[in-house]
Amino acid sequence: MQHFVVIGITDHPQPWFPPEVLAIIKNGRVFSGGKRHHEIVASLLPDGAEWIDITVPLDDVFERYRSLGDKTAEHPLVVFASGDPLFFGFANTIRRKMPEAEVVVYPTFNSLQMLAHKLVMPYHDMRIVSLTGRPWPEFDRALIERASKIGVLTDREHTPATIARRMLDYGYTYYNMHVGEHLGNPEREKITTLSLEEAAKREYAMPNCVILDGKTVEHKGLYGIPDSAFALLDGREKMITKMPIRLLTLQALELPQRQVFWDIGFCTGSVSIEARLLFPHVQIEAFEIRPECETIIQENARRFGAPGIGIHIGDFLATDISGLPRPDAVFIGGHGGRLKGIMAKVLTVMSADGVMVLNSVVAPKVLTDSHRLWDEACTELGLRQEPPTSIQLNDNHPITILKCRR
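Throughout this document, residue positions are counted from 1 along each chain, in the order its sequence is written. Local features are withheld for residues below a pLDDT of 70 in this predicted model, meaning they are given only at 70 or higher, and side-chain atom pairs are given and counted only at 80 or more; totals for whole chains, interfaces and linings count all residues. Heavy atoms from the whole structure form the basis of all side-chain values; hydrogens and water molecules are not counted.

In this description, strands pair whenever DSSP reports at least two bridges between them. Labels follow the DSSP assignment, with helices taken as runs of H or I lasting at least four residues and strands as runs of E lasting at least two, numbered in each case from the N terminus. A sheet is described by the order of its strands in space; here 7 strands give the open sequence β13-β12-β11-β14-β15-β17-β16, paired in mixed fashion. Bordering the open sheet on either side are β13 (310-313) and β16 (384-391), each of which pairs with just one other strand. For this sheet, the mean angle separating the axes of adjacent strands, direction not counted, is 15°. For this analysis, residues touch if any pair of their heavy atoms sits within 4.5 Å. Orientation is described by axes fitted as lines to C-alpha atoms, over the contacting stretch for helices, and by angles from 0 to 180 degrees between their N-to-C directions. Across the sheet, helix α9 (residues 243-252) lies against β14 (329-332), β15 (355-361), β16 and β17 (399-405), angled at about 15° from β17, the strand it touches most.

Right, dumping it as structure tokens:
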């Protein structure tokens, strides 16, 4: 078993440690951390100390750790990390990569705590999101759920300016942004409070972090967006899943308990956008063959504040889906008469407990009988159908909501 001691530090060039931690450093043999950490603690390391830089790929770093073998039993490998090593920190990475290792942690304040302290801002109610080496979904979810206070860990791609621009693009304009740069360094520390418009135009020194404070949070979302509020394809009102049908469809998809939703044939994006706003924990991938619909769904997503929908333009049957997350809920909004092929392709990736839903229009002039194709496909593919739901709105043709599962 290998032994690690993980010590949290700030950006202060002359760090202070309690006697217990100083003794660990004095008796250490092998140390590790980022290049910036090495610069900060170099004067405290004993003569002859070995240093292992933490750089990507991390697999190479952990191979070096493992090569130390039992040597760490007497002299634990000492790792320096930023702030609290258990707060989106390197101690978590050690536990994931080497679950058998013994880990002892000596934390200090993390950057968001330090920024809150400087602002004299209570942070017990702050929603925490890390964008350090991570994509946008959790940040988008915090916005959609109207979190009034969001703490964000940044990186060189997800900068305060990039974050501000994304928020402005999707209409989340009612936050102030507090930016902390080089927190803990008395010579370089800088704290700025800005509007999002101001924040979007500036550059910032690394490392930095952000607290978003939305004191006048607006709830512009509705349970059922009016059809008239959407941008439409060529202004055609019939080319949208009507709001009552949309909500029944989402109910059939069981989205509260789902993780990945595919919307095939999204057109205006109404189903994807409604799902995104009502169930922001769900990852959504939307597919459409008509290229002009890409602009329409983007416009609607910004209009209603629904970031994070994956958009795929092209023939679904020719689309490479191998790198996409496996869906556990699928809605087929359009199929062009190729319903059986689409369902068969979906089944190659759909999770074992997944559900599939189709809205079938009962109209005398419809050339393809979607309901008949659905029944045939379910029989041929071994899918179990659930009782259909039929509904008619005003003078529109009746619609049957069809649902099946493996």
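Turning our eyes to something else, we now look at the state of the cysteines. Here, the term disulfide refers to a pair of cysteine sulfur atoms separated by no more than 2.5 Å. In the structure shown here, the tally under the stated rule is 0 disulfides. The thiol of C293 is unpaired, and the distance to the nearest cysteine sulfur, on C267, comes to 4.5 Å. Any residue under 20% of the maximum accessible area for its type is buried, any over 50% is exposed, and the rest in between are partly exposed; the area is computed with a 1.4 Å probe on protein chains only. When its relative accessible area of 0% is taken as the criterion, C293 is described as buried.

In this analysis, rings of Phe, Tyr and Trp, with Trp reduced to its six-membered ring, are considered paired at centre separations within 6.5 Å, and the interplanar angle assigns stacked below 30 degrees, edge-to-face beyond 60, and tilted for intermediate values. A complete count under the given rule lists 14 aromatic pairs for this structure. Aromatic side chains F17 and F80 sit 6.4 Å apart centroid to centroid with 45° between the ring planes, which places their arrangement in the tilted category. Linking F17 in the loop between β1 (3-9) and α1 (19-26) with F80 in strand β4 (residues 77-82), this pair joins segments that are 63 residues apart in sequence. By relative accessible area, which is 7% here, F17 ends up buried. The class of F80 is buried, set by a relative accessible area of 1%.

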